[in-house]
Amino acid sequence: MKYLLHLICTLLFIFPFGVYAQNIAEVEAAVGYNATNIEPRNDPAMNKWRYNRFGQFFHIGLYTTFGAEYDGQQAKAGEWLKSEFKLSDEVYNKALNEFNPFKFNASDWAKIDKTMGTKYMIITAKHHEGFCLWPSKFTDFTIKNTPYKKDMLGPLFEAYNSYGIDVFFYYSILDWNHPDYRAIISSPEDKVAMERYIGFVIKQLDELLTLYPQLTGLWFDGQWDTAYKSNPEWGWKIEEFLRKKKPNIIINNRLRSDVNGKLDRDKSDKHYGDFDASFEQKMPDPLTKYLNTDWETSSTLMNNGWSYSKKWQGEIKTSKSIVENLVKATSANGNFVLNFAPTPEGSISEYETKISKEIGSWMSKNNKAIYGCGAINLPKPSWGYYTQSKEKVYMIMFQKPSSKLIQLPFQSEKIKSVKLLNNDNIKLSRSKSKDGTLIIDLTELNQDNIANVIELQF
Ligand code: FHN
């Protein structure tokens, strides 16, 4: 009965407006709050997101000032410090008087990304703590009320867009500061408070899209608390607002839930929003599981959290391992995003700067195997990965095969040229096997400290 009532209400709610659900597929989606992108988007904005393949994440907020430590204890994740140590607003919000990224220079950050080869950048405009990196007029919990005072978001557009790098904002639904936010609904008053909070969220998103019209998209997070995910109409309403306000906006799948509170993907395993951003520190398993949908994996450089930490813990990733993850994602039609954690002064750490140069050096010679590339219908080779663009296949070799000759599953007469991307002077001789397939002689190949890329032109 509840479902039937919901169906009738949905049809009554949607048809009069007729704005968001233009056809029966969308009505069905609305009924169950299911995914609305029945097919991957094929518009210029989304095609550019696919072309980009490589993104940068920045986590910076009041949490940065603590350096992932409090009262001599190390936090598991710096940006979760308030929650982990159960700090009161009174104690935590003293950080407002500490926040002063006086070395922040948007052009410096953009140059690092231009060097590294990223094509889009995501910054935590508002993380779970609720602190805003822009002077929002809907709350006092903003950068305006810190020693730094200035908006950090606006300067990023001129700097990044000048290099052709798109800007996304990370926005957390979860908000530990806002008085109306509820993790659970225990009373009618809680529901009323959360309805007010959703109104606040829509006002802030309207403010962000109005202040920063060059924004490419929104990277939502923190949609997992029971109160929010059990009321899927809220995420539906926010997404409906955004798509009316900015029709070509790109939104990840972490804004919504369905009638059963299911996150990320609906009951038909279709992701909400325009791409699946649920792969944090991991990739689809098996890797080829989501070849036909848009997905993105994001990764930290170290294990303890996404924000600045005085002491890094666990494995610290190398430029080789990061490039391999970028290539691996590209080989399965996914994007790869690398997180940096700016310092309390607003600068990029020495290790992150070093990594960006090493990755950038490899990308400057081999980015043709990444940008605009995707999967090929072949099993993964032992020496690395294949990627392909229109009429080219790239062999990305992280391990040089032991044999000097390598036989490939392509008919030799179809291959117009064989070229080593990082060294025009090395000519790779080729021959044909009995079954007509291509053989390449790797004798001349010196193993690159990250990976050699051989381009096959069809
Ligand atoms: O809780 C957040 C976490 O702090 C970080 O922002 C990551 C990266 O997006 N997302 C959530 C964890 O899934």
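The shown structure was predicted, so the numbers you read here are calculated from the model rather than taken from an experiment.

*Asks:* For the packing of aromatic side chains, give the residues involved together with the corresponding values.
*Replies:* Applying the stated criterion to the full structure yields 34 aromatic pairs. Note on Tyr170 and Trp219: the rings are 5.8 Å apart at their centroids and 15 degrees apart in plane angle, and the pair reads as stacked. Highlighted residues: Tyr170 in strand β5 (residues 166–172) and Trp219 in strand β6 (residues 217–221), separated in sequence by 49 residues. Since its relative accessible area comes to 0%, Tyr170 is described here as buried. Residue classification places Trp219 among the buried residues on the basis of a relative accessible area of 1%. Each residue in the set Trp49, Tyr120, Phe168 and Phe275 is aromatic and connected to the rest through ring pairs, giving one cluster. The ring of Tyr290 is capped by Arg265, whose NZ or CZ atom sits 3.5 Å from the centre of that ring. Over the ring of Tyr385 we find Lys380; its NZ or CZ atom is 4.5 Å from the centre of that ring.

*Asks:* Before we move on, could you go through helix α11 (residues 319–330) and cite the residues and values that matter?
*Replies:* Compared with the 16 Å implied by 1.5 Å per residue over 12 residues, the 16 Å span of α11 between its first and last C-alpha is a close match. Every buried residue belonging to α11 is among Ser319, Ile322, Val323, Leu326, Val327, Ala329 and Thr330, and all of these are buried. Angular distribution of buried residues about the axis of α11 spans 165 degrees; they occupy a single face of the element. In this fold, the buried residues of α11 make contact with β1 (54–58), β9 (295–299), β10 (334–340), α12 (350–366), β11 (384–389) and β12 (392–397).

*Asks:* Run through the sheet that holds strand β15 (residues 430–432), naming residues and quoting values.
*Replies:* Ordered by their spatial adjacency, 3 strands build an open sheet running β13-β16-β15, and the pairing between neighbours is antiparallel. Each edge of the open sheet carries a strand with a single partner, namely β13 (405–411) and β15. When strand polarity is set aside, the average angle formed by the axes of neighbouring strands in this sheet is 30 degrees. In terms of strand pairing, β15 meets strand β16 (residues 437–441) through 3 bridges, oriented antiparallel. Among the inter-strand pairings, Lys432 is bridged to a residue of β16, identified as Leu438.

*Asks:* Summarise the site of the ligand; cite the residues concerned and give the values.
*Replies:* If you check the shell around the ligand, you find 13 residues, and the closest are His59, Glu79, Trp80, His128 and Asp221. His128 places a polar side-chain atom, nitrogen or oxygen, 2.7 Å from an oxygen atom of the ligand. Contacts to the ligand include Glu280, whose side-chain N or O atom sits 2.8 Å from a nitrogen atom. Partitioned by chemical class, the residues of the shell around the ligand number 6 nonpolar, 3 polar and 4 charged.

*Asks:* So, the sheet that holds β1: which residues are in play, and what are the values?
*Replies:* The 8 strands lie next to each other as β7-β6-β5-β4-β1-β10-β9-β8, forming an open sheet whose pairing is parallel. A single partner strand is all that each edge strand has here, and the edge strands are β7 (250–251) and β8 (276–280). Two elements, β1 and β10, share 5 bridges in a ladder whose sense is parallel. Across the sheet, Gln56 pairs through a bridge with Leu338, a residue of β10. Contacts from α11 reach β1, β9 and β10 within the one sheet, and its direction differs from that of β10 by about 155 degrees.

*Asks:* A description of the packing of α11 against α12 should follow, citing residues and the corresponding values.
*Replies:* One can describe the packing of α11 onto α12 by two numbers: an axis separation of 9 Å at closest approach and a directional angle of 50 degrees. Classified by the interaxial angle, the pair formed by α11 and α12 is oblique. Between α11 and α12 lies a crossing of right-handed hand. Packed against α11, whose contacting residues are Ser319, Ile322, Val323, Leu326 and Val327, the element α12 presents Ile355, Glu358, Ile359, Trp362 and Met363 at the interface.

*Asks:* So what about the pairing of strand β17 (residues 452–457)? Which residues, and what values?
*Replies:* The element β17 is largely enclosed, with a buried count of 6 among its 6 residues. Of the two faces of β17, the one carrying Asn452, Ile454 and Leu456 and the one carrying Val453, Glu455 and Gln457 are both buried. Of the pairings in the sheet, the one linking β12 to β17 comprises 6 bridges and is antiparallel in character. Directly across from Val393, in β17, lies its bridge partner Leu456. Pairing of strand β14 (residues 417–420) with β17, which is carried by 4 bridges, proceeds in the antiparallel orientation. When the bridges of β17 are listed, Lys419 appears paired with Glu455.

*Asks:* Now, about the pairing of β10: what can you tell me, with residues and values included?
*Replies:* Of all 7 residues in β10, 7 are buried; the element is thus mostly enclosed. Taking every second residue as pointing to the same face, both faces of β10 are buried, with Gly334, Phe336, Leu338 and Phe340 on one and Asn335, Val337 and Asn339 on the other. As paired elements, β9 and β10 share 5 bridges and run parallel to each other. Each bridged residue has a counterpart across the sheet, and for Thr297 the counterpart in β10 is Phe336. For the crossover that starts at β9, traverses α11 and ends in the parallel β10, the hand is right-handed.

*Asks:* Describe the confidence of the model for the protein, naming the residues involved and giving the relevant values.
*Replies:* Scored by pLDDT, the protein comes out at a mean of 94, with 94% of its residues at no less than 70. Low confidence marks residues 9–19, where pLDDT is under 50. Its contacts with residues over four positions away, or in another chain, come to 11 contacts.

*Asks:* Kindly report on the side chain of Asn252, identifying the contributing residues and their values.
*Replies:* Take Asn252: it is sitting in the loop between β7 and β8. Within polar-contact distance, the side chain of Asn252 engages the backbone nitrogen of Arg254 at 3.2 Å. Excluding its chain neighbours within four sequence positions, the residues that come into contact with Asn252 are Leu218, Trp219, Phe220, Tyr272, Gly273, Asp274, Phe275 and Ala277.

*Asks:* An account of the environment of Asn177 is needed here, citing residue identities and associated values.
*Replies:* Following the sequence through the fold, Asn177 ends up in the loop between β5 and α8 (188–211). On the basis of relative accessibility, which here comes to 18%, the residue Asn177 falls in the buried class. Along the sequence, Asn177 and Gly130 sit 47 residues apart, while their C-alpha atoms lie 5.4 Å from each other. Non-local contacts of Asn177, meaning those with residues more than four positions away in its chain, are made with Asp89, Asn93, Glu129, Gly130 and Phe141.

Cut-offs applied
- Residues numbered from 1 in each chain as written.
- Predicted model: local features only at pLDDT ≥ 70, side-chain atom pairs only at ≥ 80, totals over all residues.
- Heavy atoms only, no water.
- Phe/Tyr/Trp six-rings, centres within 6.5 Å; stacked < 30°, edge-to-face > 60°.
- Helix = DSSP H or I, 4+ residues; strand = E, 2+ residues; numbered from the N terminus.
- Buried < 20%, exposed > 50% of the residue type's maximum accessible area, 1.4 Å probe, protein only.
- Lys NZ or Arg CZ within 6 Å of the ring centre and 35° of its normal.
- Expected span 1.5 Å × (residues − 1).
- Arc of directions from axis to C-beta.
- Contact = heavy atoms within 4.5 Å.
- Pairing = 2+ DSSP bridges.
- Axes fitted to C-alpha atoms, helices over the stretch in contact; angles between N-to-C directions.
- Near = heavy atom within 4 Å.
- Polar contact = N/O pair within 3.5 Å; in protein donor to acceptor, adjacent residues only side chain to side chain.
- Nonpolar A, V, L, I, M, F, W, Y, C, P; charged D, E, K, R; others polar.
- Parallel < 35°, antiparallel > 145°, perpendicular 65-115°, else oblique.
- Left-handed = near helix turned anticlockwise from the far one by under 90°.
- Right-handed = clockwise from strand over helix to strand, strands pointing away.
- pLDDT = per-residue confidence, 0-100.

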